Amino acid sequence: MDKSLRRPVIAGNWKMNNTPAQAKALIEEMKPLVANADCEVVLCVPYIDLYAAMEAAQGSNIKIGAENCHWAEKGAFTGEISAEMLKAAGVPYVIIGHSERRQYFGETDETVRDRVRAALDAGLKVILCVGEVLSERKLGITSEIVCKQTKVALSGVKAEELANIIIAYEPVWAIGTGETATPEQANEVCKIIRELIADLYSKADADRFVIQYGGSMNDGNAAELLAQYDVDGGLIGGASLKADKFAVIVDAASK
Ligand code: 13P
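As the structure is a computational prediction, the values presented were derived from the model and not from experiment.

Q: Describe the layout of surface pockets, with residues and values.
A: To locate leftover empty space, one rolls a probe as large as a water molecule over the atoms. Its volume calculated, the largest pocket comes out at about 450 Å³. If you trace the largest pocket, you find 18 residues lining it, with K15, M16, E67, R101 and F105 closest to the centre. For the lining of the largest pocket, the element with the most residues is helix α4 (residues 99-104), which contributes three residues.

See the structure below:
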């Protein structure tokens, strides 16, 4: 299988950054810099920025995503946004299961599974995040943790739905810390995830499946990480808040 048959996805995760006006300005700055990208370019932004971001990105190759969605279609869930609402608003992508939601907002493997199900049912494209914390890596159970998170999240997902889901492997110890997994460490876990997809579905499904690395990926280290056989893109936090840095990463994925 030729790695180049998988189209890389470079996705920014703005987290809780940028007002609508700042979102518009940043996307206007990014548009010309990523116009010739030979990869999928996505920016996942706070809910409040979605309309401004989609308006700014209109007519460009930048796709917009949300950073979470609820599992129910509607109901008494104060403060939440459903997948149906995102779809109706014209949002194509959504991140689900980010480690910050698992760490700070009580997200479990089961709620991640339910959100994935709702997002796919609504017709959204899902960026599913998995990854171990430092103590788990030190215990040598990275593979078990990542495989469990992946298995539970995909437990209701059919093979024909895999085209609408990608996985971002994000070791929690590498997020926002400036400490990146080495290209070998990133590839090792992305490969484990690909082998799991082959077990759960088929080798052909696994060969087509996009797996990103995330965790302090930046303009300086992206090329080396993205050159790894099983790394098909990146989920970028801090470096997606700067147009020039993000563009360098997009360029690296387009090679
Ligand atoms: P950083 O790139 O800031 O480490 O964040 C990674 C991340 O969490 C993307 O979802």
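Q: Tell me about the environment of A35, and please be specific about residues and values.
A: Along the chain, the position of A35 falls in the loop between α1 (20-34) and β2 (40-44). By relative accessible area, which is 44% here, A35 ends up partly exposed. Here the alpha-carbon distance between A35 and I95, two residues 60 residues apart in the chain, equals 23 Å.

Q: Requested: an account of the pairing of strand β7 (residues 211-214), with residues and values cited.
A: Neither face of β7 is left uncovered, since the one carrying I211 and Y213 and the one carrying Q212 and G214 both have all their residues buried. By the bridge criterion, three bridges tie strand β6 (residues 165-169) to β7 in an arrangement that is parallel. Of the residues in β7, the one forming a bridge with Y169 is Y213. As defined by bridge partners, β7 adjoins strand β8 (residues 233-236) across two bridges and the pair is classed as parallel. Each bridged residue has a counterpart across the sheet, and for Y213 the counterpart in β8 is G234.

Q: Got a sec to walk through the packing of aromatic side chains? Specific residues and values, please.
A: Evaluated as defined, the whole model comprises two aromatic pairs. Considering the side-chain rings of Y104 and F105, the 6.4 Å spacing of their centres and the 90° angle between planes classify their relative orientation as edge-to-face. Take Y104 and F105: they sit in the same class, and that class is exposed.

Q: Please provide a residue-by-residue account of the packing of helix α7 (residues 142-153) against helix α8 (residues 183-200), values included.
A: Each pair of packed helices gets described by two things: the angle between the helix axes and the distance between those axes. Two numbers describe how α7 lies on α8: the axes approach to 10 Å, and their chain directions differ by 45°. The orientation of α7 relative to α8 falls into the category oblique. Here α7 runs over α8; the crossing is right-handed. Residues T142, S143, V146, C147, T150 and K151 of α7 form the contact with α8, whose own contacting residues are V189, I192, I193, L196 and L200.

Q: So what about the pairing of β2? Which residues, and what values?
A: Of all five residues in β2, five are buried, a share of seventy percent or more. Where strand β1 (residues 9-13) and β2 come together, five bridges link them in parallel fashion. Pairing of A11 across the sheet is with V42, part of β2. By the bridge criterion, four bridges tie β2 to strand β3 (residues 62-66) in an arrangement that is parallel.

Q: How would you summarise α1 if you had to cite specific residues and measurements?
A: An ideal rise of 1.5 Å per residue puts 21 Å on 15 residues; α1 measures up with 21 Å between its terminal C-alpha atoms. Among all positions of α1, only A23, L26, I27, M30, K31 and V34 are buried. On its buried face, α1 is in contact with β2, α2 (50-57), β3 and α11 (243-254).

Q: Could you give an account of α2, with specific residues and numbers?
A: Among the eight residues of α2, six are classified as buried, and the element is accordingly described as predominantly covered. Among all positions in α2, only L50, A52, A53, M54, A56 and A57 are buried. Buried residues belonging to α2 abut α1, β3 and α3 (83-88). Just beyond α2, the residue with positive phi is G59, at close to 80°.

The rules behind these values
Residues numbered from 1 in each chain as written. Predicted model: local features only at pLDDT ≥ 70, side-chain atom pairs only at ≥ 80, totals over all residues. Heavy atoms only, no water. 1 Å grid on protein atoms, 1.4 Å probe; cavity = no way out; pocket = protein on both sides within 12 Å on 5 of 7 lines; lining within 4 Å. Points joined across faces, edges and corners; volume = space filled by probe spheres on them. Helix = DSSP H or I, 4+ residues; strand = E, 2+ residues; numbered from the N terminus. Buried < 20%, exposed > 50% of the residue type's maximum accessible area, 1.4 Å probe, protein only. Pairing = 2+ DSSP bridges. Phe/Tyr/Trp six-rings, centres within 6.5 Å; stacked < 30°, edge-to-face > 60°. Axes fitted to C-alpha atoms, helices over the stretch in contact; angles between N-to-C directions. Parallel < 35°, antiparallel > 145°, perpendicular 65-115°, else oblique. Left-handed = near helix turned anticlockwise from the far one by under 90°. Contact = heavy atoms within 4.5 Å. Expected span 1.5 Å × (residues − 1).

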